[in-house]
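Here are the chains, one letter per residue:
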Amino acid sequence: MSLLNQKTIRKKVSFSGVGLHSGIIVKICIKPSEPDTGIVFKRTDLKTNNLIYPNFMNVSNTALCTTISNSHGVKVSTIEHLMGALFGLGVDNALVEIDNEEVPILDGSAKLFINEILSVGLESSNKPIKIIKINRKVEFKNGDKFISIEPSKLSLDIDFQLKYQNQTIGNQRNKVNVYEDNLEEIFNSRTFCLYEDIEAIKKNGLAKGGSLENAIVVKGENILNPDGLRNTKEFVNHKILDCIGDLFTSGYRMIASINCSQGGHFMTNSLLKKVFENKENFSIIEIQERTLPHTLINRSLLRSIA
């Protein structure tokens, strides 16, 4: 398999589960797709106007999840964990058929998406991958929260910090190189909430499908989930997973360095909008083995970036 060519999944994979916010049982089927088609969502419960493209300009809501909509108001929500899995595995093209408006939450992480896609494998095309290269620093601030993106030589680095008054979550920070590091703990980390926030969240019509089977619930010093945490930085690691998924709404993988404090879906989406409003901020490049310097072909980074 050529590691620098576009890839799709080898054969379809299916999932069924509850929507975290809707509480409705949803079925999705991820199917192989042709080169240069990107990731496309298709609402199979609708006969017309049922294609939605996960582009940052199509993000219509960022309240506790990322929701995308088309021009006809048809939407799909909670796409971030699936998008993070597709990005991390190097899936450039796929059709995601879904029979309702929310991607199932499964276990609250990207673990099951990753495992199923790996079980069928990937198929490489003869089309080169495209990568967004950030050319200059762009930042977005919202009170004491901030997120910035700046040039990087050959990697996608994410440095993310959480700051919670809750002593169990506290201040957590982690930095990953998305193309080189082992991201197993990132993909396995679950969504989380504070016990005292649950009532307010549900009053807003959200988290109808939430449970200890798909989310970490923190009450004071205690983790209410019987098995506790999956890793010591699960809270910030889940935020990094969300960030990776939201970055994939740029349409391509990316060479950049990202620094974020107390961010989330709104912050990442706002940053992408700011980046792409000025063409001087970025370049879109095609990478082909025959056009790369020999030294770059042999770098582990470019082996795993694709």
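Residues numbered from 1 in each chain as written. Predicted model: local features only at pLDDT ≥ 70, side-chain atom pairs only at ≥ 80, totals over all residues. Heavy atoms only, no water.

A. Representation of the sheet that holds strand β2 (residues 13-18) within the structure. Spatial strand order, β2-β3-β9-β4-β5: 5 strands in an open sheet with mixed pairing. Each edge of the sheet is formed by a strand with only one pairing partner; in this case those strands are β2 and β5 (51-52). Of the strand pairs in this sheet, strand β3 (residues 25-32) and strand β9 (residues 94-98) are connected by 5 bridges, and their pairing is antiparallel. Directly across from P32, in β9, lies its bridge partner A94. The sheet strands contacting helix α2 (residues 111-120) are β2 and β3, and the helix crosses β2 at an angle near 160°. (Pairing = 2+ DSSP bridges. Helix = DSSP H or I, 4+ residues; strand = E, 2+ residues; numbered from the N terminus. Contact = heavy atoms within 4.5 Å. Axes fitted to C-alpha atoms, helices over the stretch in contact; angles between N-to-C directions.)

B. Focus on the packing of helix α1 (residues 80-89) against helix α5 (residues 234-247). Two numbers describe how α1 lies on α5: the axes approach to 7 Å, and their chain directions differ by 75°. Between α1 and α5, the angle falls in the class roughly perpendicular. For the pair α1 and α5, contact is made by E80, H81, M83, G84 and F87 and by H238, L241, D242, I244, G245 and D246, respectively. Classifying every residue of the contact of α1 with α5 gives 4 nonpolar, 4 polar and 3 charged. (Parallel < 35°, antiparallel > 145°, perpendicular 65-115°, else oblique. Nonpolar A, V, L, I, M, F, W, Y, C, P; charged D, E, K, R; others polar.)

C. Examining the packing of α1 against α2 more closely. At a closest axis distance of 9 Å, the pairing of α1 and α2 adopts a crossing angle of 45°. Overall, the two elements α1 and α2 adopt an arrangement that is oblique. The interaxial crossing formed by α1 with α2 has right-handed handedness. The residues of α2 that touch α1, namely those facing H81, L82, A85, L86 and L89, are F113, I114, I117 and L118. (Left-handed = near helix turned anticlockwise from the far one by under 90°.)

D. The nonpolar core, seen in detail. The biggest cluster of nonpolar side chains holds 72 residues, and the ones touching the most others in it are I30, I39, F41, I149, I158, V178 and M254. Take this core: its biggest share by element is 7 residues, from α5. Not counting the four nearest positions on each side in its chain, I158 is found in contact with N174, K175, V176, V178, I240, C243, I244, L247 and I258. Core analysis: the second largest hydrophobic core is formed by 5 residues, L4, I129, I131 and I287 among them. (Core = buried A, V, L, I, M, F, W, Y, C linked by side-chain atoms within 4.5 Å. Buried < 20%, exposed > 50% of the residue type's maximum accessible area, 1.4 Å probe, protein only.)

E. Seen up close, the sheet that holds strand β17 (residues 222-223). Strand order in this open sheet of 3 strands is β15-β16-β17, and the pairing throughout is mixed. Since the sheet does not close on itself, it has two edges, and those belong to β15 (192-194) and β17, each with one partner. Note that strand β16 (residues 216-219) and β17 share 2 bridges and pair antiparallel. Within β17, the residue paired with K219 across the bridge is N222. Here α5 sits on the sheet and contacts β15, β16 and β17; the angle it forms with β16, its principal contact strand, is near 140°.

F. Inspection of the pairing of strand β11 (residues 138-142) at higher detail. Relative to strand β12 (residues 145-150), β11 runs antiparallel, the two sharing 5 bridges. When the sheet's bridge partners are listed, N142 is paired in β12 with K145. Hairpin connection between β11 and β12: a loop of 2 residues separates the two successive antiparallel strands, and G143 in this loop has a positive phi of roughly 65°.

G. Molecular detail of unusual backbone geometry. If you check the backbone angles, D36 has positive phi at about 65° while not being a glycine. Among the secondary structure elements, D36 is positioned in the loop between β3 and β4 (39-43). For T78, which is not glycine, the phi dihedral falls at a positive 55°. With respect to the helices, strands and loops of the structure, T78 is situated in the loop between β8 (75-76) and α1.

H. Region of interest: the side chain of N231. Following the sequence through the fold, N231 ends up in the loop between β17 and α5. Overall, N231 belongs to the buried group, its relative accessible area being 7%. A polar atom in the side chain of N231 sits 3.1 Å from the side chain of S189. Of the polar contacts made by the side chain of N231, one reaches the side chain of N237; its length is 3.0 Å. (Polar contact = N/O pair within 3.5 Å; in protein donor to acceptor, adjacent residues only side chain to side chain.)

I. Spotlight on the pattern of salt bridges. Enumeration over the complete set of coordinates arrives at 12 salt bridges. Between D92 and R253 there is a salt bridge, and its shortest N-O distance comes to 2.1 Å. Of this pair, D92 sits in the loop between α1 and β9 while R253 is found in strand β18 (residues 253-261), placing the two residues 161 residues apart along the sequence. Of the two residues, D92 and R253, both sit in the buried class. The shortest N-O distance in the salt bridge between E286 and K130 comes to 3.5 Å. (Salt bridge = Lys/Arg side-chain N within 4 Å of Asp/Glu carboxyl O.)

J. Region of interest: the packing of aromatic side chains. Scanning the entire structure with this criterion turns up 8 aromatic pairs. Aromatic pair F87 and F248: ring centres 5.3 Å apart, planes at 90°, arrangement edge-to-face. With F87 in helix α1 and F248 in the loop between α5 and β18, this pair connects stretches of sequence that are 161 residues apart. Using a relative accessible area of 3% as the deciding quantity, one classes F87 as buried. A residue is classified by how much of its surface remains accessible, and F248, at 5% relative accessible area, is buried. Three or more aromatic residues link up through ring pairs in this structure, and these residues are F56, F276 and F282. The residue whose ring lies beneath K219 is Y195, and the NZ or CZ to ring-centre distance is 4.4 Å. (Phe/Tyr/Trp six-rings, centres within 6.5 Å; stacked < 30°, edge-to-face > 60°. Lys NZ or Arg CZ within 6 Å of the ring centre and 35° of its normal.)

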